[in-house]
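# Per-entry structural report
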Amino acid sequence: VTSKCILLFQKIHGVDVLLFSIYVYEYGDECPEPNRRRVYISYLDSVRYLTPAQYRTTIYQSVLIEYLRFVKMRGFHTAHIWSCPPAKGDEYIFYCHPVNQLTPRNDMLCAWYNNTLQKAKADGIALDVRSLYDDYFKDNVVNRKTGEPFDPTSLPYFEGDYVPGEIEKIIKDLDEDDNRREGTKIKDPIKVTTAASKAEGKRSGTRSNPGKLVNQGRDKVMNRLDLILSRMKENFFVVQLLSNDFIDAVEGNDNITSLVETSAPDDDSVNSRIIGKNPCILDLAENKDAKSGDNDNASSLLCKEITPASTKDEDPLIEQECFETRLQFLNYCQRNNYQFDELRRAKYSSTMVLAYLHNPREEKEQQIKAHLEVIAHAASCQGCVSKNCQRMKQLFGHVRECELTYKRGCKICTRLFMLLIKHARDCPTNGTACPIPFCERIKERNRMLRKQQQLMDDRRRNAQNTRAKEDSS
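Residues numbered from 1 in each chain as written. Predicted model: local features only at pLDDT ≥ 70, side-chain atom pairs only at ≥ 80, totals over all residues. Heavy atoms only, no water.

What follows deals with the overall build of the protein chain. Check the secondary structure of the protein chain and you find 15 helices and eight strands. Classification of the 473 residues of the protein chain by burial places 42% in the buried group. By sequence separation, contacts in the protein chain at least 24 residues apart represent 68% of the contacts at least 6 residues apart. Within the structure as shown, the protein chain displays about 27700 Å² of accessible surface, and the carbon and sulfur contribution to it stands at 51%. (Helix = DSSP H or I, 4+ residues; strand = E, 2+ residues; numbered from the N terminus. Buried < 20%, exposed > 50% of the residue type's maximum accessible area, 1.4 Å probe, protein only. Contact = heavy atoms within 4.5 Å. Areas by Shrake-Rupley, 256 points an atom, 1.4 Å probe, with all protein chains shown as cover.)

This is how it looks when you write it as structure tokens:
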């Protein structure tokens, strides 16, 4: 799985200002089913400084639509979106939004996503837009292709998504119910089976048992999840990007290297999709004499696109630790007071983020690798004549005795802790104490960050459940 942060900047008064961000998870061809070749739109956030303001919605929607086009061309067949506005007091990506920027209501955000995806469908990027409920629960939780009932392992499992967290909660509730029953269990008298009692098992389902037949034996977790998701169908979007034949081949582990994806755009919209979309045929607008013949060729190019066997992104990626997850970026901005509640602060914060992002990567990586080797040597060395080793031990001593520390701006502490954090992330020790100073403390801090993200996911899920109950009452 690959986590990506997509950023949109606009030059305002000569300064590049960060305005819009999307966090996505790409589950490539190497991932097992049911996540294989799927993408998850995890978080989306913006600040309202884009000008002209009337184009804000169009531009933000275009970024999302073009990302769907990009992953479709790389062979991802399905995209998933959970539409969930932030709870009061929560920040998704940007630290401190403008005070006059309102948080969209649940129905407004769902309508925004639906409008965006319908545009993607009209452009031929999305083949179908439906809900998660329609995919897995509509037909009595039965797979229409195989006839087998779905179980919790059939559902895609995305980082921070609603469904995995809710499944864990349901399993916990079921275990508590079983333990409670075991504690108060009274031995039942032997029942005599009659024809009438056998016939009772053929009744249609009820609210407590939504199965088509009572004796069908549906999974308890799926029963409860069915009831919950039926109240919030519109919040979970499933965007089909490639054909059913391609999806069947992927799920069946068939050879897809020779598969050709076909689509048939409307004749009226061929020209609008050709110009500016395919760089090989940009001269169509100039060559009016050969318009009809070239349009046929262009249409065939659009109708036949060989889907790559590998989902690997060939474009160069910029890797930075603070952008790995939305929580790390949010904490990075909070720690450095990079706020976006005013335009002047957004300019400064964006400039600092860009300066951090565009440091020379190759040279920096080599320096980091060399420093990590010195740290590993100095941590276990009992005494040697190496000047680098002695210098590193002096730095260890400085960090232990420094009164300022990195939290108050000590540059020496900050630089060393950046290296130690890099080591802790890739530390080979598993369950055993690492000899490198502060490694265990940093690992504990990382565990706290993961717990913080889990609490955020729980708040999102609880807010979603609360809204669903309020709407149904």
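Turning to the layout of surface pockets, a few remarks are in order. Taken as a whole, the second largest pocket spans an internal volume of roughly 960 Å³. Around the second largest pocket, the lining is made up of 33 residues, and of these Ser-46, Gln-101, Leu-102, Thr-103 and Pro-104 lie nearest the centre. Secondary structure elements with two or more residues in the lining of the second largest pocket: β3 (38-46), α1 (56-73), β4 (78-82) and α2 (106-122). By residue number, the principal contributor to the lining of the second largest pocket is β3, which donates six residues. For the lining of the second largest pocket, a count of residues per class yields 18 nonpolar, seven polar and eight charged. (1 Å grid on protein atoms, 1.4 Å probe; cavity = no way out; pocket = protein on both sides within 12 Å on 5 of 7 lines; lining within 4 Å. Points joined across faces, edges and corners; volume = space filled by probe spheres on them. Nonpolar A, V, L, I, M, F, W, Y, C, P; charged D, E, K, R; others polar.)

This next bit is on the nonpolar core. In this structure, Tyr-113, Phe-137, Leu-155, Tyr-162, Leu-225, Leu-229 and Phe-329 are the most contacted members of the largest nonpolar core, which totals 82 residues. Looking at this core, the element that brings in the most residues is strand β2 (residues 15-27), giving nine residues. With sequence-adjacent residues up to four places away left out, Tyr-113 is seen in contact with Leu-44, Leu-64, Ile-81, Ser-83 and Phe-237. Of all hydrophobic cores here, the second largest spans 24 residues; its members include Ile-375, Val-399, Cys-402 and Cys-439. (Core = buried A, V, L, I, M, F, W, Y, C linked by side-chain atoms within 4.5 Å.)

Now for the sheet that holds β2. A sheet is described by the order of its strands in space; here six strands give the open sequence β1-β2-β3-β4-β6-β5, paired in mixed fashion. Of all the strands in the sheet, just β1 (2-12) and β5 (128-131) have a single pairing partner and so form its edges. Averaged over all adjacent pairs, the angle separating strand axes in this sheet is 25°, with direction ignored. (Pairing = 2+ DSSP bridges. Axes fitted to C-alpha atoms, helices over the stretch in contact; angles between N-to-C directions.)

Time to look at the packing of aromatic side chains. In this structure the tally under the stated criterion is 17 aromatic pairs. Here Trp-82 and Phe-236 contribute two aromatic rings whose centre-to-centre distance is 6.0 Å and whose plane-to-plane angle is 15°, an arrangement assigned as stacked. Separated by 154 residues along the polypeptide, Trp-82 in strand β4 and Phe-236 in strand β6 (residues 236-240) bring together distant segments of the chain. In terms of burial, Trp-82 and Phe-236 fall into one category: buried. Residues Tyr-338 and Tyr-348 carry aromatic rings whose centres are separated by 6.0 Å and whose planes lie at 75° to one another, so their mutual orientation is edge-to-face. (Phe/Tyr/Trp six-rings, centres within 6.5 Å; stacked < 30°, edge-to-face > 60°.)

For the protein chain, the average pLDDT comes to 79, and 80% of its residues sit at 70 or higher. Here residues 189-216 is a poorly scored stretch, pLDDT under 50, and it has 23 contacts once near neighbours within four places are set aside; other chains count. Confidence drops under a pLDDT of 50 for residues 264-304, and excluding neighbours within four residues, the segment shows 36 contacts in the predicted structure. (pLDDT = per-residue confidence, 0-100.)

So, on to the environment of Lys-233. Mapped onto the fold, Lys-233 is located in the loop between α6 (220-229) and β6. On the basis of relative accessible area, Lys-233 is assigned to the partly exposed category, the value being 35%. Considered as a pair, Lys-233 and Asp-134 are 99 residues apart in the sequence and their alpha carbons are 8.1 Å apart. Setting aside anything within four residues of it in sequence, one finds Lys-233 in contact with Ser-131 and Tyr-133.

Enumeration over the complete set of coordinates arrives at 22 salt bridges. Ionic pairing is found between Glu-66 and Arg-69, a salt bridge with its closest N-O pair at 2.9 Å. With a gap of three residues between them, Glu-66 and Arg-69 both fall in helix α1, about one helical turn apart. You can call Arg-69 partly exposed: its relative accessible area is 24%. The structure contains a network of salt bridges with shared partners spanning Lys-4, Glu-26, Arg-74 and Asp-313. (Salt bridge = Lys/Arg side-chain N within 4 Å of Asp/Glu carboxyl O.)

When you line up the elements, Arg-460 lands in helix α15 (residues 439-472). Put simply, Arg-460 is tucked away with no salt bridge, and the nearest opposite charge, on Asp-457, sits 4.7 Å away. When sequence neighbours within four positions are dropped, the list of residues in contact with Arg-460 reads Ser-42, Tyr-43, Trp-82, Cys-84, Tyr-92 and Gly-160. (Lys, Arg positive; Asp, Glu negative; His and termini not counted.)

Between helix α4 (residues 162-183) and α6, the least distance of the axes is 10 Å, while the angle of their chain directions is 125°. In terms of their interaxial angle, α4 and α6 are classed as oblique. Read as a crossing pair, α4 and α6 show a hand that is right-handed. Residues Tyr-162, Val-163, Glu-166, Ile-167, Ile-170, Ile-171, Asp-173, Leu-174 and Asp-177 of α4 form the contact with α6, whose participating residues are Lys-220, Val-221, Arg-224, Leu-225, Ile-228 and Leu-229. A breakdown of the residues in the contact of α4 with α6 according to their chemical character gives 10 nonpolar, no polar and five charged. (Parallel < 35°, antiparallel > 145°, perpendicular 65-115°, else oblique. Left-handed = near helix turned anticlockwise from the far one by under 90°.)

Bringing the pairing of β2 into the picture now. Look at any regular strand and the pattern is simple: side chains alternate between the two faces of the sheet. Among the 13 residues that make up β2, 11 are buried, leaving the element largely enclosed by the rest of the structure. Two successive antiparallel strands, β1 and β2, enclose a turn made up of two residues, where His-13 displays a positive phi of approximately 55°. As paired strands, β2 and β3 are joined by eight bridges and run antiparallel to one another. The residue of β3 that forms the bridge with Tyr-27 is Arg-38.

Turning our eyes to something else, we now look at α1. Along an α-helix, a turn takes 3.6 residues, which lines up residues three or four apart on a common side. With 18 residues, α1 should reach 26 Å at 1.5 Å per residue; the first-to-last C-alpha distance of 26 Å fits that figure. Among the residues of α1, those classed as buried are Arg-56, Tyr-60, Gln-61, Leu-64, Ile-65, Tyr-67, Leu-68, Val-71 and Lys-72. Viewed along the axis of α1, the buried residues span an arc of 160°, placing them on a single side of the element. Its buried side turned inward, α1 meets β1, β2, β3, β4 and α2. Looking one or two places after α1, you find Gly-75, whose phi comes out positive at around 100°. (Expected span 1.5 Å × (residues − 1). Arc of directions from axis to C-beta.)

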